[in-house]
Amino acid sequence: MMVEGLYTKREDGRKFDEVRPMKAKVGIVPSADGSASFETGKTKAIAVVRGPRTLHPQHMQNAQTGILRVSYGMMPFSVEDRIRPGPNRRSEEISKVTEWALSSVVDLSGFPNTVVDVFVQIPQADAGTRVAGINAAALALAHAGIPMKEMVSAIGVGKIDKTLVVDLNKYEDSIFHDGEGSTDIPVVMTSRTKEIALLQLDGKISVDEFKETIEMAKKACDDILKVQMDALKNVSEESNE
Ligand code: ADP
């Protein structure tokens, strides 16, 4: 049941539990080991995978397993105000949480002493870039043939005034009411065991509302998974032609 609040109509006309129009494509960078793009609305993410290859410097190697290394960045013109290029605290945090989320499904035990690099770039940002990046990265890893126990799908859910919503855009992410901003909860869900591989919470929410948003996220992740699987199927069909 949807909790009704002051935010009674979405700015872009979507239903409260509706994801923005999605698009996924696999194999966008032929020279890479794996690559993919994922879009929801105006947010677009590109992911490129390189590896596994021997990790240098040697003291960082793990003789039991390969390691995953993620680098996330927004392109300078991805938002209206130009962003200063290069790493910052936000991009470092998102790189790390993306790495954690993907590490829970990737199995690099067959590739000791190696690294798999995942580069996530955001050419267009309209909120939800970390989850779009994770959707693209999971596709790129699968495309690279990296062993994965299962797939992951990611979505942002949250609360605007008293209304629970799925896939907030930047306008919704920035709404303030009674001095409080909207609540943003990025969720990463595994495809088979339906475990939560990542959950962050920016804002305030009650326990009951939180449970409801997780149910909304689960449903959205099922839809995202279909888009991801279709994209993977299309590329394998193309390469068989
Ligand atoms: P996410 O993109 O995962 O939702 P945030 O909540 O940190 O992560 O950012 C929300 C949105 O705010 C971004 O998607 C982008 O549209 C915008 N944004 C983030 N950083 C900047 C920045 N430095 N300058 C302008 N807009 C930004």
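Here, every reference points to the structure presented above.
The present account deals with the structure reproduced in this document. (Residues numbered from 1 in each chain as written. Predicted model: local features only at pLDDT ≥ 70, side-chain atom pairs only at ≥ 80, totals over all residues. Heavy atoms only, no water.)

Things to note about the side chain of asparagine 135
Item 1. If you trace the backbone, asparagine 135 turns up in helix α2 (residues 129-143).
Item 2. For asparagine 135, the side chain forms a polar contact with the main-chain nitrogen of alanine 154, separated by 2.7 Å.
Item 3. Apart from the residues lying within four places of it in its own chain, the contact partners of asparagine 135 are Phe38, Val152, Ser153, Ala154, Ile224 and Gln228. (Helix = DSSP H or I, 4+ residues; strand = E, 2+ residues; numbered from the N terminus. Polar contact = N/O pair within 3.5 Å; in protein donor to acceptor, adjacent residues only side chain to side chain. Contact = heavy atoms within 4.5 Å.)

Re the site of the ligand
Item 1. Every one of the 13 residues lining the ligand counts as a neighbour, but Arg90, Ala127, Gly128, Thr129 and Arg130 are closest to it.
Item 2. Here an oxygen atom of the ligand and a side-chain polar atom of arginine 130 are 2.9 Å apart.
Item 3. Note that an oxygen atom of the ligand is positioned 3.1 Å from one of the side-chain N or O atoms of lysine 170.
Item 4. Alone, the ligand offers 540 Å² of accessible surface; in the complex the protein occludes 75% of this.
Item 5. Taken together, the residues that form the shell around the ligand break down as 5 nonpolar, 2 polar and 6 charged. (Near = heavy atom within 4 Å. Areas by Shrake-Rupley, 256 points an atom, 1.4 Å probe, with all protein chains shown as cover. Nonpolar A, V, L, I, M, F, W, Y, C, P; charged D, E, K, R; others polar.)

Some words on the sheet that holds strand β4 (residues 67-74)
Strand-to-strand pairing in sheets goes through backbone hydrogen bonds, with the strands running parallel or antiparallel.
Item 1. If you trace the 5 strands from one edge of the open sheet to the other, you get β1-β2-β3-β5-β4, paired in mixed fashion. Looking along the sheet, the strands with just one partner apiece sit at the ends: β1 (22-26) and β4. Ignoring strand direction, the axes of neighbouring strands in this sheet form an average angle of 15 degrees.
Item 2. In the sheet, β4 pairs with strand β5 (residues 114-124) via 8 bridges, with the strands oriented parallel. (Pairing = 2+ DSSP bridges. Axes fitted to C-alpha atoms, helices over the stretch in contact; angles between N-to-C directions.)

Details of the pattern of salt bridges
Item 1. Scanning the model with the defined rule gives 16 salt bridges in all.
Item 2. Arginine 14 is the partner of aspartate 167 in a salt bridge, and the nearest nitrogen-oxygen pair spans 3.8 Å. Of the two residues, aspartate 167 is situated in the loop between β7 (163-166) and α3 (170-173) and arginine 14 in the segment before β1; the sequence distance between them amounts to 153 residues. In this structure, aspartate 167 and arginine 14 share a single accessibility class: buried.
Item 3. Lysine 194 serves as the salt-bridge partner of aspartate 222, at 2.9 Å between the closest nitrogen and oxygen. Linking aspartate 222 in helix α4 (residues 207-240) with lysine 194 in the loop between β10 (183-190) and β11 (196-199), this pair joins segments that are 28 residues apart in sequence.
Item 4. Here aspartate 222 falls in the partly exposed class, since its relative accessible area comes to 34%.
Item 5. Judged by relative accessible area, which is 35%, lysine 194 ranks as partly exposed.
Item 6. When salt bridges with common partners are traced through the structure, they connect Arg10, Asp12, Arg14, Arg20, Asp126, Asp167 and Glu172 into a single cluster. (Salt bridge = Lys/Arg side-chain N within 4 Å of Asp/Glu carboxyl O. Buried < 20%, exposed > 50% of the residue type's maximum accessible area, 1.4 Å probe, protein only.)

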